[in-house]
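The chain contents come next:
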Amino acid sequence: MPRSEGIDAVVTSAESKKSPTNEKNVLPSVSKYKEKHHNLQEGDMAITAPENIAESPARVIGHIDLEHQLTARQPHNTDTGPDGFLFGAGEISAHARVLRHEQARLLAEIDELQAANRFSDIIDLCHPLEENFPELIEAGLDGPVRCKLSFALCHDGRQEQAIECLKPVISGAPENALAHYSIGYAALDFLFQARTRRQVVPAGQKSEMIRLAHHHFRQAIELRPDSVTFCYRRAILYKDVEGKFRQAIPLFEQAITNWRALSPEQQRHYHQQRPKYAKSLYHLGSCLLKTGQSAACLKTLQALMREDDDHNHMQPLFKHFAMAKALFSVDRFKESLDHLETAAHCAEKGQPTDFIWELAARAALGLGRPEEACKYLKRIEPNRRRPYIRWTEGAVLTALGRLEEAKKILHHSANSDRRSRHVPLLQICRICLSQNDLDGALEAASSAARFCRDTYGNPSKEARFWEAVALYRLGRRGAALAIVSELEKQRFQFPGFERLGRLVRQPGNAVGSGACPASSSPALQIIK
């Protein structure tokens, strides 16, 4: 998760912007602040707080009407204090005013440090809060400080400590939407950082972090259903952590609806929410494409291009690439190429563009221009051609009739790819079938099915289909029929599958006899 986004629940206090006398605060250094705080505890300093100081409820930058979310909890000690007053009842005691004044000064100090990205200094100043500021905890004024401290801990890679830091806030104020959101964010950030650093997270711990994030995001949304960011974050949890695109769609849609429900004046006031609105459009388009809703995806991305044109909260490169993918999915290859060229032009110096040229090669193939596709692929340095680029390279060479070169490239990809080895193997199978190398085709399809079974626990249905095709072409009708029957029970659908089922059940039909009906489907072209 990019650090530039930060935790959207960064708390700021209205009193952090000015001193009680409306003059600019000159904030002490961390060490001076601690020294002053220590003297206050020991009674060495007599601070007289102005009468007009009252707690300003913390506010979430970019959120809607969160003024009352962080209202201080009732103090733990309800006995009359040395000043003779109850906290929160009647006249505010001098001691209570001093504590609120110190809370405001501490929040301002944290704001200054955060603005300078001095997160370790925030941790040194506040953590653990029980040791450094016990009187704020006793007075119930620790909630805003804990939310800020949790962000600093997350930034320092200490997400689990951030979660523990926030638990007292939830215990004392379960209606605090910001605290729920902050715990969810810390859990989500833990999962993202582990993936970025390629750390192995035990399955039980990962499941617990996902559960924790969902629980607290859900609570935050129930408390503040009109928040753009709350809905956006939980949708990202579904999409990017769990790969549950269908569950993410309604949350992205709600984030978009929440932003659009604001008046122009409100949108200007809560402008910090706008980036999440643009990103919700982008990620919604991705989810719609993943779930086969190409037309809806294209409409969503068109809205993104229109409404983010002047802001560029999403990088132009990624917006145009997303549009190209959506257009490619509906066979509008020429328009897709136009957006890909624009995307490449928007790339910053040194920014990778290999994925752009790979899709451009496929779009050129869709237009029936294999030579042009080859030129696009040549823009990618050989050492940057990842497995999926090699698959497209194999398809381009096949379209050019250079079958042996294609098989060589695909064999190399299959031998070096530990996650998607079945993809180039199935390409090899189809090439072998087109060459009438039936044994080679059966070997490639069987290897693909075996790889998926060993790696993912079940064989690829497409691989089993191509096994059946090779067996039928070899005259092993019984073995082919057994696979077809198995796939029919699983309601498998694939171009040419119904035709294959009819052929293997026609005992009088000679294998390989008869011309293949004209079709654009490679499967129907290969089944004789």
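Residues numbered from 1 in each chain as written. Predicted model: local features only at pLDDT ≥ 70, side-chain atom pairs only at ≥ 80, totals over all residues. Heavy atoms only, no water.

### Describing the packing of aromatic side chains
Taken as a whole and judged by the stated rule, the model has 18 aromatic pairs. Here the aromatic rings of F465 and W466 are separated by 5.0 Å at their centres, their planes lie at 70 degrees, and the arrangement is edge-to-face. In this structure F465 comes out as buried when scored by relative accessible area, which is 0%. Measuring from ring centre to ring centre gives 6.2 Å for F465 and F497, while their planes differ by 65 degrees; the resulting arrangement is edge-to-face. Placement of the pair is F465 in helix α23 (residues 461-473) and F497 in helix α25 (residues 497-504), with a sequence separation of 32 residues. The pair F465 / F497 is uniform in exposure class, with both members buried. A network of ring pairs unites the aromatic residues F465, W466, F492, F494 and F497 as a single cluster. The ring of F328 has R362 lying over it, and the distance from NZ or CZ to the ring centre is 5.2 Å. For the cation-ring pair, R379 lies above W357, with the distance from its terminal atom to the ring centre recorded as 4.2 Å. (Phe/Tyr/Trp six-rings, centres within 6.5 Å; stacked < 30°, edge-to-face > 60°. Buried < 20%, exposed > 50% of the residue type's maximum accessible area, 1.4 Å probe, protein only. Helix = DSSP H or I, 4+ residues; strand = E, 2+ residues; numbered from the N terminus. Lys NZ or Arg CZ within 6 Å of the ring centre and 35° of its normal.)

### Things to note about helix α10 (residues 228-242)
Compared with the 21 Å implied by 1.5 Å per residue over 15 residues, the 21 Å span of α10 between its first and last C-alpha is a close match. The buried fraction of α10 is high, at 13 of 15 residues. Structurally, the start of α10 carries an N-cap: the backbone nitrogen of T229 is 3.4 Å from a side-chain oxygen of S227. G243, located one to two residues past α10, shows a positive phi value of around 70 degrees. (Expected span 1.5 Å × (residues − 1). Polar contact = N/O pair within 3.5 Å; in protein donor to acceptor, adjacent residues only side chain to side chain.)

### A closer look at the confidence of the model for the chain
Counting all residues, the mean pLDDT for the chain is 83, and 79% of those residues have values of 70 or more. Low pLDDT, under 50, characterises residues 1-28; the predicted model gives this stretch 81 contacts beyond four residues in sequence or across chains. This model gives residues 38-91 a pLDDT under 50, and the stretch forms 105 contacts once residues within four places in sequence are excluded. (pLDDT = per-residue confidence, 0-100. Contact = heavy atoms within 4.5 Å.)

### A word on the pattern of salt bridges
Here the structure, examined in full by the defined rule, presents 25 salt bridges. Here R430 and E462 are joined by a salt bridge, their closest N and O atoms 3.5 Å apart. With R430 in helix α21 (residues 422-434) and E462 in helix α23, this pair connects stretches of sequence that are 32 residues apart. Residues joined in a network through salt bridges with shared partners are E130, D142 and R146. (Salt bridge = Lys/Arg side-chain N within 4 Å of Asp/Glu carboxyl O.)

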